[in-house]
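Chain by chain, the residues:
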Amino acid sequence: MKILVTGANGFLGYYLVKQLMDKGFFVIATGKGACRVPVKQSDSFVYSEMDFTDPFRVHDVFAQMRPDAVIHSGAMSKPDECEQDQWGAYRVNVEGTISLLLNAAEYKSHFIFLSTDFVFDGIKGMYQENDLANPVNYYGKTKSEAEEAVKEYEYGWSIVRTITVYGKSYTGRKSFPELIKEKLEKKEVYYVFDDQVRTPTYAEDLVSGIVSVIEKKATGIYHLSGGEILTPYQMACEVADYLQMDRSLLKPVTASELSQPALRPLKTGFITGKAKRDLGFKSIGFREGLEKTFS
Ligand SMILES: NC(=O)c1ccc[n+]([C@@H]2O[C@H](COP(=O)([O-])OP(=O)(O)OC[C@H]3O[C@@H](n4cnc5c(N)ncnc54)[C@H](OP(=O)(O)O)[C@@H]3O)[C@@H](O)[C@H]2O)c1
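Note that the structure is a prediction, hence the values are computed from the model and not measured. (Residues numbered from 1 in each chain as written. Predicted model: local features only at pLDDT ≥ 70, side-chain atom pairs only at ≥ 80, totals over all residues. Heavy atoms only, no water.)

Caption draft 1: A look at the overall build of the protein. Secondary structure assignment for the protein yields 10 helices and 11 strands. At 19 Å, the protein has a C-alpha radius of gyration in line with the 19 Å of a compact globule built from 295 residues. When the backbone C-alpha atoms are referred to their principal axes, the protein occupies close to 55 × 40 × 40 Å. Taking all 295 residues of the protein together, the buried fraction comes to 54%. Taking as baseline every contact in the protein between residues at least 6 positions apart, the subset at least 24 positions apart corresponds to 76%. By element, 49% of the accessible surface of the protein is carried by carbon and sulfur atoms, the whole surface being about 13200 Å². Taking the average place of the 36 positive charges on the side chains of the protein and the average place of its 39 negative ones, the gap between the two points comes to 3 Å. (Helix = DSSP H or I, 4+ residues; strand = E, 2+ residues; numbered from the N terminus. Rg over C-alpha atoms; globule rule 2.2 N^0.38 Å. Buried < 20%, exposed > 50% of the residue type's maximum accessible area, 1.4 Å probe, protein only. Contact = heavy atoms within 4.5 Å. Areas by Shrake-Rupley, 256 points an atom, 1.4 Å probe, with all protein chains shown as cover. Lys, Arg positive; Asp, Glu negative; His and termini not counted. Charge placed at Lys NZ, Arg CZ, Asp CG, Glu CD.)

Written as structure tokens, this is what we have:
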């Protein structure tokens, strides 16, 4: 089975490519520019440069590869960047997704879209799949609009929403625990939100859930996240304690005390019962995730 992965050079990209290859799938990794995915040459891996905002390139890659499934992980994924470059975010996150959907339809590929807790407003917290989206920032708006396009796809679609994905970084962009470690090593005071609530997700757990979506041909919306409810400040303190570093450098702040270009939803977190039932989804605790991140 041939799986095309977009955003393969991104943080999650490596985990997707690695686990899919380990499971015996043929992986067509795609990304902007040269390959930065650190996997060994293999008969079951090919990299194709593909900016998915270029419809001609998308057409050519799909025509050549004819994927059975597409995991659309590529995105403009930083909320502040999306807020400051709204046209760019729309082009990448919405128009890019539509272009991929149109091409996937030619080959009736199963289309799996990576989405986010940021489609919710953060008032209620602990969201289920059928809760109403109501994004508070532009990143969330683009992901929500892309979700609507995915729902129109005729040949089997899955929307996998996730939250604060972390783990060891292999392709450049650091995950939250690694960022905290870097700040603590520099002995910098670091302000961390303590009025937001998340259920952080270990990257390998998320990818196992996505592989299960493919294997079981599970369609519809799935919430895949860790099970522990933590604020970013609490996560940062756990990192400091785990690494036996000085947690007094970490200062709790609220959204009203520290302004950022994009608003964040306050309380997110997912109920993952549907994924557990349908996919056999499992997640490890944050402490175990830190052990794996820093091993
Ligand atoms: N990480 C999280 O905590 C989290 C939480 C919820 C949802 N998600 C979703 O999960 C997915 C993966 O996230 P991630 O953490 O892996 O993000 P990431 O590290 O920012 O990776 C995204 C990748 O998409 C690529 N990309 C951007 N525009 C592109 C284009 N026009 N054509 C081709 N590739 C393009 C980027 O390329 P360059 O590297 O060349 O810029 C980057 O490699 C995203 O859809 C994100 O919205 C992530």
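Caption draft 2: Fine view of the nonpolar core. In terms of nonpolar packing, the biggest core is built from 36 residues, with Val17, Leu20, Ile71, Ile210 and Leu224 touching the most fellow members. Membership of the second largest hydrophobic core comes to 28 residues, among which are Val61, Phe111, Tyr139 and Ile221. (Core = buried A, V, L, I, M, F, W, Y, C linked by side-chain atoms within 4.5 Å.)

Caption draft 3: View of the layout of surface pockets. For the second largest pocket, the calculated volume is near 160 Å³. Every residue lining the second largest pocket is listed: Tyr14, Tyr15, Lys18, Gln19, Asp22, Lys168, Tyr170, Tyr202, Glu204, Lys292 and Ser295. For the lining of the second largest pocket, the element with the most residues is helix H1 (residues 11–22), which contributes five residues. Class assignment of the residues belonging to the lining of the second largest pocket gives a composition of four nonpolar, two polar and five charged. (1 Å grid on protein atoms, 1.4 Å probe; cavity = no way out; pocket = protein on both sides within 12 Å on 5 of 7 lines; lining within 4 Å. Points joined across faces, edges and corners; volume = space filled by probe spheres on them. Nonpolar A, V, L, I, M, F, W, Y, C, P; charged D, E, K, R; others polar.)

Caption draft 4: Inspection of the packing of aromatic side chains at higher detail. Scanning the model with the defined rule gives 12 aromatic pairs in all. Between Tyr14 and Tyr15, the aromatic rings sit 5.6 Å apart at their centres with planes inclined by 75 degrees, giving edge-to-face as the arrangement. Owing to a relative accessible area of 9%, Tyr14 belongs among the buried residues under this scheme. Using a relative accessible area of 5% as the deciding quantity, one classes Tyr15 as buried. (Phe/Tyr/Trp six-rings, centres within 6.5 Å; stacked < 30°, edge-to-face > 60°.)

Caption draft 5: Region of the structure containing the site of the ligand. Near the ligand lie 25 residues; those nearest to it are Leu12, Arg36, Ser77, Tyr139 and Val165. One of the side-chain nitrogen or oxygen atoms of Tyr139 is found 2.7 Å away from an oxygen atom of the ligand. Within the backbone of Val165, a nitrogen or oxygen atom sits 2.8 Å from an oxygen atom of the ligand. Within the complex, the protein chains bury 86% of what would otherwise be the 900 Å² of accessible surface of the ligand. Looking at the shell around the ligand, the elements that each hand over two or more residues are H1, strand S5 (110–116) and helix H5 (138–151). Top element by residues in the shell around the ligand is S5. It accounts for three residues. Split by residue class, the shell around the ligand holds nine nonpolar, 11 polar and five charged. (Near = heavy atom within 4 Å. Polar contact = N/O pair within 3.5 Å; in protein donor to acceptor, adjacent residues only side chain to side chain.)

Caption draft 6: Focus on the side chain of Ser225. Turning to its location among the elements, Ser225 is positioned in the loop between strand S10 (220–223) and helix H8 (232–243). At 2.9 Å, the side chain of Ser225 and the side chain of Thr199 are in polar contact. The residues contacting Ser225, other than those within four sequence positions of it, are Ile163, Thr199, Thr201, Phe270, Thr272, Phe281 and Ser283.

Caption draft 7: Region of the structure containing the packing of H8 against helix H10 (residues 286–293). Interhelical geometry of H8 versus H10 gives an angle of 55 degrees and a closest axis separation of 11 Å. Put simply, H8 runs oblique to H10. Pair H8 / H10 crosses with right-handed handedness. Contacts between H8 and H10 pair Met235, Glu238, Val239 and Tyr242 from the former with Phe286, Arg287, Leu290 and Glu291 from the latter. (Axes fitted to C-alpha atoms, helices over the stretch in contact; angles between N-to-C directions. Parallel < 35°, antiparallel > 145°, perpendicular 65-115°, else oblique. Left-handed = near helix turned anticlockwise from the far one by under 90°.)

Caption draft 8: Quick look at the pattern of salt bridges. For the structure on display, the rule yields 11 salt bridges. The residue Arg264 makes a salt bridge to Asp80 at a minimum N-O spacing of 2.7 Å. With Arg264 in the loop between strand S11 (250–253) and helix H9 (273–279) and Asp80 in helix H3 (residues 79–84), this residue pair connects regions lying 184 residues apart in the sequence. The exposure classification of Arg264 matches that of Asp80, with both residues buried. Note that Glu147 is salt-bridged to Arg161, the shortest N-O span being 2.8 Å. With Glu147 in helix H5 and Arg161 in strand S6 (residues 157–162), this residue pair connects regions lying 14 residues apart in the sequence. (Salt bridge = Lys/Arg side-chain N within 4 Å of Asp/Glu carboxyl O.)

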